[in-house]
2 protein chains.
Amino acid sequence: MIANPIFWIIPIASIIGLIFAWKFFVEMMKADEGTDLMKKIASYVRRGAMSYLWQQYKVVSIVFVILALFFAFLAYGLHVQNGWVPFAFLTGGFFSGLAGFFGMKTATYASARTANAARTSLNAGLKIAFRSGAVMGLVVVGLGLLDISIWYLVLNYFVDEPVATHKLVVITTTMLTFGMGASTQALFARVGGGIFTKAADVGADLVGKVEAGIPEDDPRNPATIADNVGDNVGDVAGMGADLYESYCGSILATAALGASAYLSAGYDLQFKAVIAPMLIAAVGILLSIIGIFLVKTKEGATMKQLLAALGFGVNVSSVLIAGATFFILWWLGLDRWQWISMSVVVGLLVGIVIGKSTEYYTSQSYKPTQDVAGSSATGPATVIISGLGLGMLSTAIPVLSVGVGIILAFLFASGFDFANLSMGLYGIGIAAVGMLSTLGITLATDAYGPIADNAGGNAEMAGLEPEVRKRTDALDSLGNTTAATGKGFAIGSAALTALALLAAYIEEVKIGLVRIGQHVLTFTDGTTVEVAKADIADFMNYYQINLINPKVLVGMFLGSMMAFVFCGLTMNAVGRAAQKMVEEVRRQFREIKGIMTGETEPDYERCVAISTLGAQRAMILPSMLAIIVPILTGVVFGVSGVMGLLVGGLTAGFVLAVFMANAGGAWDNAKKYIEEGNLGGKGSDAHKAAVVGDTVGDPFKDTSGPSLNILIKLMSMVSIVMAGLTVTYSLL
Amino acid sequence: MIANPIFWIIPIASIIGLIFAWKFFVEMMKADEGTDLMKKIASYVRRGAMSYLWQQYKVVSIVFVILALFFAFLAYGLHVQNGWVPFAFLTGGFFSGLAGFFGMKTATYASARTANAARTSLNAGLKIAFRSGAVMGLVVVGLGLLDISIWYLVLNYFVDEPVATHKLVVITTTMLTFGMGASTQALFARVGGGIFTKAADVGADLVGKVEAGIPEDDPRNPATIADNVGDNVGDVAGMGADLYESYCGSILATAALGASAYLSAGYDLQFKAVIAPMLIAAVGILLSIIGIFLVKTKEGATMKQLLAALGFGVNVSSVLIAGATFFILWWLGLDRWQWISMSVVVGLLVGIVIGKSTEYYTSQSYKPTQDVAGSSATGPATVIISGLGLGMLSTAIPVLSVGVGIILAFLFASGFDFANLSMGLYGIGIAAVGMLSTLGITLATDAYGPIADNAGGNAEMAGLEPEVRKRTDALDSLGNTTAATGKGFAIGSAALTALALLAAYIEEVKIGLVRIGQHVLTFTDGTTVEVAKADIADFMNYYQINLINPKVLVGMFLGSMMAFVFCGLTMNAVGRAAQKMVEEVRRQFREIKGIMTGETEPDYERCVAISTLGAQRAMILPSMLAIIVPILTGVVFGVSGVMGLLVGGLTAGFVLAVFMANAGGAWDNAKKYIEEGNLGGKGSDAHKAAVVGDTVGDPFKDTSGPSLNILIKLMSMVSIVMAGLTVTYSLL
């Protein structure tokens, strides 16, 4: 039934990943959660986080049911798409939610345990936090690859298509629908979680730190539990769903491209091209586990040694995966396997360059962020201006490296032939897969940041010794550095995956045409090409998807606009929810006597409720726009308008995302730079100005910026799923 | 020699425009400049502005000489372009500078006279300020159209090309070079002037208003003269050069499109299609003069009546030009003249819709800006977040209306045929020309704003009665409303012109191919087309300028990046220069005794010098990037990469420009809303928070935002001029 037993490596590796995730989880749970107060605080946060997540899943479920019914109507009513779509869509969303749920469950159990371990030593704290992060990393990759394997097997069994090579095209393009489910749920999780966490964070900072002058995470601050809940629902559950989507999206898009690029190479080779990205990912899981075990430090290690220990694990995994790729592609016997492997190496390098550039622009060790800190001497306005300026300038290196990466990955895979589009695009897709193949370990280094952050909150609220808080801060700051690299991979892979999805869209258009019975493309000069034999360039000419077609141009304007409007909606949502939070905290300080003396406990739950409500309401509109705009564009402007929309959204969205993430990061660290005692230190006017920058940066870097990554891909996924509708009905 | 005597209407109308400008100037100069102190202050500002302008022209001249030599080398050394290029380029720059110079000279003479007239009545002040603005408006359109006429006559005499229809193509495409000169000088003027004015403004506000608590334009503030100089060099000279460039750019691009769209229609009709945009502009000058004379109010008019008076002039001119267009195109005998005229109407409507949307999002009479003001209750951070959110959301209506406008203008002119690219694009170009045809009067309503602003400064510094200051404030605020409409036309026409320039670029590529001896396009499938007979769609296929070509995609990423990097550089320049200004003002307050008591005059000149230096240094890099990046993109990626760059820059740049302009405008007016006594009024914490927003908004709306309009077109102009180089030498 399955052509080649090599396939089974994929589900087996994914199950191994899940087993190790379980093992790390059980180990973490064995650790002591500390004092009664620590347990109580952790349970507050856990309860808040879980109640938020259930609330969010309720809303998202309703949206999913509506969309699934709509897809069912398109499939069974209008017959413009495959009947598998509603089911694949639902599973994608379910598994993505599951990945976020497991990650968050682990994180909320781990924070008090990390704080408690940090009472012993920095090292003990690192171990708990990092292994808990690894649970998240392995759950994401394990569930992702398992879901892909299962769907492949199901579709392979059920799809009724006599020609084997065509069947593979149908299977891989149908599976993209599952990616749309993951993207949709990820967008809700990122946007909802992002609004929750930043509304709480901004609210807690503005009143607590700025007005009342009490430290971060002080238990007297009514918004402090909401702030810690936010770290879990935004930075953990949101990020988990986000990367689950990236991971699956890149693998599925590349598989679909493989099926079409190798269509005429015979079933055996085509099958191998399809499973190549999955195999790279599978081997990546195993190598990530090895990397996780390599992260060890001796007792009493310095910060630098800790960083080196983390870096060692990631670097070993990355080098091994690069080597393994050459082996896998050689073993599969793909033509020019060396060059296709080189595309993967290009992908890895692009990720590293973007990560380094993120670090340069956002770390207080370098001049740009120090300049932002310096501009605080003249007040908040100049902090904002210089941070925005820095963010805008910081887009240059990522764009240039993605640009070089696109060209090289394309040329290597295409045999240095710009006309060989399908192989070139396969190269770009597989570069994205290579970039994300070590996600098991890179996500572990990412996800442990919020765990350490929460551990710090727990330590502060439980009144542990300042030494402990210092250790959790050290862990947190370590996480910031590794997170920069993680961001580089996330955004770089989003750009490459979105490009691969463009090509997958054309494949889907092809299938749509065949479904409605159009078997021939007739060009303006009267020549014809059979749809089944048409290549991507033929479709470009047929639909006039060029830069002078007004439908394409209008689509591109719309795409650029979508990126900005989407960010505007999420920024405003954070602003509004934060204002409500500020008013509530001020009210509690005013009305509940004894808060400031510590005699009365503030009403934490009301603050959690405000963030929850703000997030739930405000996430609907931006998320629905991401789904509705591509559908409408397709219905009005047809295929060429959709392509314009996707490319406009991709290019403007990518640059906007880098701008927002880096400006936000720089403001955050400029504030930390001053808090470290520079330029007047904590409490100085400069510090107050820097806090304004940090507050503006919060929605930049944790709500709008990262959501853009998903927006870009979700719009592509929606267009892909809707291609049947677009080719059947379109106005212009 | 000139085929049709109708042509002579064009230079005659332009000369009539200049004569009226002269008349208004002489009338204004006859008015009394007021007290000795008023004269002294005006002379300070005039001297500062002139010395800055000369300094700027020196720097720009050097750049122009270098570029002209480079063009001469390309033309006479490499033979990749026309020998007229260096000369046309130089005149374009010269006339653009001249327009700015005359406008500024008028403005600096008019400000004290306006203040003095305002001592009599609001009406008297309006008359002086508005007529002075009209000088600027008529100088810009008069010089622009005169320059176009002269070059047309010169090239018509000298160009040696036997086939008349081909000669017209050569003439119109060569004249685009003159547009590049205008764009280059405009970019320097906008960027340099924008940095100057905002560094002074931000510096004056931060120390004067916020720290020392003295009112705007207080003579004790050392930066106040620099601030007033800035209004002249940025808002007057910069805006004049900017709109000169827009005006000429739209006419020249449309003429070039007309020459190619009507190439096979015979010389007579082709000639008429070429002069059609010029004739519309010529008639627009005459109708603008009529409109200017219609602006009259009776003594004791209310603000609303004043606004109605201005609106009446503009509306009459607009309606008349719409009607006149139908007449002109009918008279010329263009096929389907009704429909082409409808494209012009579409252009006018798009401009009005964008203007109204700008007003809605940035006026304190509406909810969005009031919400930004409301967010000041929770401090500067929420003001910034809500302003950024507003700016991002405000991009929707302009994008949608430009989108609808593009489709309609295209369909009307093309006979509802998406495949008729050359006529459709001619329609888009002529829509832009229609939009700008009433520039004579719309610019008058725009340019009188800074004159009124300066008059207010003069009144304050000269210690005139508060009543006078109130009147100048009223004039200024009136100007803000009309400026919103002006901005709508400026940005809308920039988008449409840039689209027309894309098509002009392809024309230039065609000419370049013929020059290097390539007379045939051979496609991948082996079919061929003669270059001379190839249409735009053929070039799209030949160069694969489609959305899946990696060179196009990389170009688009670069274009989006250019918009952001350009803004980052200008934002940072303002931030840095403002910081220096703040330090200088603080130093003067500290070191020069008696400033605050009014006994000693502050050192105004040092502040002017700081702004000058900051502007001169910082304008070089962003402006040169705008020239070098398109050249390099062409050399590396060829024609398809350049097209990607231009479209990416256009779509992302347009949206970014709207975002920045509207966020800045909303912050400005949110502050004014509070100053009008709402939410605590002047001096409250809310006001302080709003001042931070206003300060951040200054470079948004007056430096980076408006410069983007020029950047978009300059990159197209550079690519057009460099097309010969690109087709001869390119790497990939």
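Residues numbered from 1 in each chain as written. Chains lettered and ligands numbered in written order. Predicted model: local features only at pLDDT ≥ 70, side-chain atom pairs only at ≥ 80, totals over all residues. Heavy atoms only, no water.

For chain A, the name recorded in an unreviewed UniProt entry is Putative K(+)-stimulated pyrophosphate-energized sodium pump, with Williamwhitmania taraxaci as its organism. According to UniProt, the comment filed for chain A under the heading Subunit (unreviewed entry) is "Homodimer." (UniProt positions renumbered as here; feature names shortened; annotations may be inferred.)

Residues and elements named next belong to chain B. In the contact formed by helix H4 (residues 122–158) and helix H6 (residues 224–261), the axes pass within 9 Å of each other and the chain directions differ by 40 degrees. With respect to their mutual orientation, H4 and H6 come out oblique. Of the two elements, H4 crosses H6, and the hand of that crossing is right-handed. Along the contact surface, H4 presents Met136, Val140, Val141, Leu143, Gly144, Leu145, Asp147 and Ile148, while H6 presents Val236, Met239, Gly240, Leu243, Tyr244, Tyr247, Cys248, Ile251 and Leu252. Partitioned by chemical class, the residues of the contact of H4 with H6 number 14 nonpolar, two polar and one charged. (Axes fitted to C-alpha atoms, helices over the stretch in contact; angles between N-to-C directions. Helix = DSSP H or I, 4+ residues; strand = E, 2+ residues; numbered from the N terminus. Parallel < 35°, antiparallel > 145°, perpendicular 65-115°, else oblique. Left-handed = near helix turned anticlockwise from the far one by under 90°. Contact = heavy atoms within 4.5 Å. Nonpolar A, V, L, I, M, F, W, Y, C, P; charged D, E, K, R; others polar.)

Bringing the relation of the copies chain B and chain A into the picture now. Mapping chain B onto chain A calls for a screw motion: a turn of 180 degrees about the axis and a shift of 0.0 Å along it, with 0.0 Å RMSD after fitting. Such values leave the two copies arranged in the relation of a two-fold axis. Residue Asn546(B), judged by its C-alpha, is the member of chain B lying nearest the rotation axis, at 2.0 Å. The fraction of interface residues of chain B whose copies in chain A are also interface residues reaches 100%, indicating that both copies meet through the same surface. (Least-squares fit on C-alpha atoms with pLDDT ≥ 70 in both.)

Turning to empty space enclosed by the protein, a few remarks are in order. All names here are of chain B. A complete count under the given rule lists six cavities of 30 Å³ or more for this structure. Computed from the structure, the largest cavity encloses a volume of approximately 150 Å³. Contributing to the lining of the largest cavity are 17 residues, with Gln81, Asn82, Val85, Glu508 and Arg515 lying nearest its centre. Elements represented by at least two residues in the lining of the largest cavity include exactly helix H5 (164–212), helix H15 (466–515), helix H19 (685–721) and helix H20 (723–728). It is H5 that provides the largest number of residues to the lining of the largest cavity, a total of five residues. The class makeup of the residues in the lining of the largest cavity is eight nonpolar, seven polar and two charged. (1 Å grid on protein atoms, 1.4 Å probe; cavity = no way out; pocket = protein on both sides within 12 Å on 5 of 7 lines; lining within 4 Å. Points joined across faces, edges and corners; volume = space filled by probe spheres on them.)

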